[in-house]
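# Summary of structural features
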Amino acid sequence: MMTMENETPTHAASLKDVQQRRPEVARQNAVAKDAFNPNHIEVKDYSFFYGPNQVLFDLNMAFPERHVTALIGPSGCGKSTLLRNINRMNDLIDGISHKGDVLIEGQSIYDPFLEVISLRKRIGMVFQKSNPFPKSIYENIVYSLRVAGRNRKSELDETVETSLKAAALWDEVKDRLQESAFSLSGGQMQRLCIARAIANRPEILLMDEPCSALDPIATGKIEDLIHDLKKDYTIIIVTHNMQQAARVSDKTAFLYMGQLIEYDDTEKIFMKPSEPQTEAYVSGRFG
């Protein structure tokens, strides 16, 4: 098995410990929450390999804080691979390797002193197909808290209500919290997964085709929810739906065959793209 460059050592530390070793990063992270960071997530000269096969090529881009960025491009262009690398989900795959770096608030996600679990606590993930646990609605929300040993009922109750309200689901399920999560509709289950993802109060929310299995009404609710959530979260969404990307995102990145073709404000990407390939894709002439 090939290993990631800068593989995490056995005695890994929390993000706080890493920042204590690096005062300049700690100072950067001490900026007030209401101060906008245009480089919340930075991808620098980043390439990624599955064994000998290179799937991402020298990507350079920055994701602004509390904005929605859409990753678009045809199937197999590397959108989901990039998304999953931001919280190092691809670490679990044999034979992977990378070059370059990904930074969050100036801190490398591959820092040898950074514990991956600590990183993932900062990053919520919502997948293409809703994947609630075979538990009650209530237990789905509090799962991450219980794993961390936080079992105080008042905290759990508050987290359930706050998370479900943030996911625009509270009014629909507040009298059904002990029912199975599988009793919900498809759209409700996806919003439950969003509520579960934000229950641990991350700062980043990654969404991989979150509406692809939903009907137009449920899709509209998720899109409205994304608009509300960006007040508190930096959101990156992978979507094949050009209309959805135009509706929900502030910035859009067009990837093709693992390369970043164009990255700009969404309005410019869709109305006046700089690259002929981008224009051909967003206009439906290929892809």
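The structure presented is a predicted model; accordingly, all values stated were derived computationally and were not measured. (Residues numbered from 1 in each chain as written. Predicted model: local features only at pLDDT ≥ 70, side-chain atom pairs only at ≥ 80, totals over all residues. Heavy atoms only, no water.)

### A look at the overall build of the protein
Each helix and strand in the protein was counted, giving 12 helices and 10 strands. A buried classification covers 51% of the 287 residues belonging to the protein. Contacts in the protein between residues at least 24 apart in sequence constitute 70% of all its contacts with a sequence separation of at least 6. Of the roughly 13600 Å² of accessible surface on the protein, a fraction of 50% belongs to carbon and sulfur atoms. (Helix = DSSP H or I, 4+ residues; strand = E, 2+ residues; numbered from the N terminus. Buried < 20%, exposed > 50% of the residue type's maximum accessible area, 1.4 Å probe, protein only. Contact = heavy atoms within 4.5 Å. Areas by Shrake-Rupley, 256 points an atom, 1.4 Å probe, with all protein chains shown as cover.)

### Focus on the sheet that holds strand 8 (residues 234-238)
In space, the six strands of this open sheet follow the order 6-7-8-3-9-10, with mixed pairing throughout. Two strands lie at the open edges of the sheet, namely strand 6 (123-126) and strand 10 (259-265), each paired on one side alone. Recorded for the sheet is a direction-independent mean angle of 15° between the axes of neighbouring strands. This element, helix 3 (residues 79-86), spans strand 3 (68-72), strand 6, strand 7 (204-208), strand 8 and strand 9 (251-256) of the sheet and lies at about 150° to strand 7. (Pairing = 2+ DSSP bridges. Axes fitted to C-alpha atoms, helices over the stretch in contact; angles between N-to-C directions.)

### Looking at the nonpolar core
Judged by nonpolar contacts, the single largest core of 46 residues is most densely connected at L164, L205, M207 and L229. A per-element tally of this core places helix 8 (residues 186-198) first, with six residues. Other than its neighbours up to four places away in sequence, L164 contacts I137, I141, L169, W170, V173, L177, L192 and A195. Within the second largest apolar cluster, 29 residues are counted, among which are V102, I104, I109 and I204. (Core = buried A, V, L, I, M, F, W, Y, C linked by side-chain atoms within 4.5 Å.)

### Looking at the packing of aromatic side chains
Inspection of the entire model under this criterion finds five aromatic pairs. Measuring from centroid to centroid gives 6.2 Å for F63 and Y263, while their planes differ by 50°, and the two rings are tilted. Of this pair, F63 sits in strand 2 (residues 53-63) while Y263 sits in strand 10, and the two are 200 residues apart along the sequence. We note that F63, like Y263, is buried. The residue whose ring lies beneath R196 is F133, and the NZ or CZ to ring-centre distance is 4.0 Å. Across from the ring centre of Y263, 5.4 Å away, lies the NZ or CZ of K251, which sits over that ring. (Phe/Tyr/Trp six-rings, centres within 6.5 Å; stacked < 30°, edge-to-face > 60°. Lys NZ or Arg CZ within 6 Å of the ring centre and 35° of its normal.)

### Things to note about the environment of I194
Assignment of secondary structure puts I194 in helix 8. The class of I194 is buried, set by a relative accessible area of 0%. Separated by 62 residues in the primary sequence, I194 and P132 place their C-alpha atoms 10.0 Å from one another. Dropping the residues within four chain positions of it, I194 is found in contact with V126, M207, I222, L225 and L229.

### Points about the pattern of salt bridges
It is possible for side chains bearing opposite charge to pair when their charged atoms get close. What the rule picks out here adds up to 18 salt bridges. K44 is the salt-bridge partner of E42, the closest N and O atoms lying 4.0 Å from each other. For R150, the salt bridge identified is with E155, shortest N-O distance 2.5 Å. What makes R150 partly exposed here is its relative accessible area of 33%. The network of salt bridges with common partners includes E105, R122 and E203. (Salt bridge = Lys/Arg side-chain N within 4 Å of Asp/Glu carboxyl O.)

### Some thoughts on helix 6 (residues 153-166)
An α-helical turn contains 3.6 residues, so any two residues separated by three or four positions project in the same direction. Between its terminal C-alpha atoms helix 6 stretches 20 Å, which fits the 20 Å expected from 14 residues at 1.5 Å a residue. For helix 6, every residue scored as buried is listed here: E155, L156, T159, V160, S163 and L164. Summarising the axial view, the buried residues of helix 6 lie within an arc of 150°, below the 170-degree limit, and thus occupy one face. Two residues or fewer past helix 6, A168 is found with a positive phi of approximately 55°. (Expected span 1.5 Å × (residues − 1). Arc of directions from axis to C-beta.)

### A few points about the packing of helix 6 against helix 8
Each pair of packed helices gets described by two things: the angle between the helix axes and the distance between those axes. Here helix 6 crosses helix 8 at 125°, and the two axes come no closer than 8 Å. As far as their axial angle goes, helix 8 and helix 6 are oblique. In this structure, helix 6 meets helix 8 at a crossing whose hand is right-handed. Side by side, helix 6 and helix 8 meet where S163, L164 and A166 of the first sit next to L192, A195 and I198 of the second. Grouping the constituent residues of the contact of helix 6 with helix 8 by class yields five nonpolar, one polar and no charged. (Parallel < 35°, antiparallel > 145°, perpendicular 65-115°, else oblique. Left-handed = near helix turned anticlockwise from the far one by under 90°. Nonpolar A, V, L, I, M, F, W, Y, C, P; charged D, E, K, R; others polar.)

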